[in-house]
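Structure assessment
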Amino acid sequence: MIKFFLMVNKQGQTRLSRYYEHMDLRKRTILEAEVIKHCLSRSKEQCSFIEYKDFKLVYRQYAALFIVVGINETENEMAVYELIHNFVEVLDKYFSRVSELDIMFKLDRVHIILDEMVLNGCIVETNKTRILAPLLVLDKMAES
């Protein structure tokens, strides 16, 4: 099961966070700082899977952004690694070459995409067309 999904830049600023288990705000802040520090300090040659406290971290870097997913021990690391790549591909398809600014200024759209892919910590959809369908409907309604 996925415990949390984070997107951070190289400066360690969180651009997106979604938690699938309740955690108070203070603990979230501490967790994010520690997780970001662990992932940003690693070189590109090192493995993208880290065992951290009672869960595993799976992360992937795209240009200046890191996507970090916290999972429990029963979740498949490679499946989550591919989920991260699929998520970025969907963002690229929707935003036509996604950038950090797209994520900052259209955060609601990014959350919709993530919510279409992951529900209550479980991967429910990976088909790009199905993931983007609700957004395309929203965009059509906004135009008219």
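Residues numbered from 1 in each chain as written. Predicted model: local features only at pLDDT ≥ 70, side-chain atom pairs only at ≥ 80, totals over all residues. Heavy atoms only, no water.

Per an unreviewed UniProt entry, the protein goes by AP complex subunit sigma and derives from Eublepharis macularius. Listed in UniProt under the heading Sequence similarities (unreviewed entry), the comment for the protein reads: "Belongs to the adaptor complexes small subunit family." Its UniProt record gives the protein the following Subcellular location (unreviewed entry) comment, quoted word for word: "Endomembrane system". (UniProt positions renumbered as here; feature names shortened; annotations may be inferred.)

Right, let's talk about the nonpolar core for a bit. Core analysis: the biggest nonpolar cluster contains 29 residues, and Phe5, Met7, Ile67, Val69, Phe87 and Ile113 have the highest contact counts within it. Contributions of two or more residues to this core are made by β1 (2-9), β5 (65-71), α2 (77-95), α4 (107-117) and α5 (128-143). Broken down by element, this core gets its largest block of residues, 10 residues, from α2. Counting residues in each nonpolar core, the second largest holds 15 residues, with Val8, Ile36, Tyr52 and Val68 among its members. (Core = buried A, V, L, I, M, F, W, Y, C linked by side-chain atoms within 4.5 Å. Buried < 20%, exposed > 50% of the residue type's maximum accessible area, 1.4 Å probe, protein only. Helix = DSSP H or I, 4+ residues; strand = E, 2+ residues; numbered from the N terminus.)

Counting buried residues along β5, seven of its seven residues qualify, which places the element largely inside the surrounding structure. By the alternation rule, side chains of β5 split into Leu65, Ile67, Val69 and Ile71 and Phe66, Val68 and Gly70, which are all buried. Pairing of β1 with β5, which is carried by seven bridges, proceeds in the antiparallel orientation. Across the sheet, residue Leu6 finds its bridge partner in β5, namely Val68. Pairing analysis gives seven bridges linking strand β4 (residues 55-62) to β5, with the strands arranged antiparallel. Each bridged residue has a counterpart across the sheet, and for Arg60 the counterpart in β5 is Ile67. (Pairing = 2+ DSSP bridges.)

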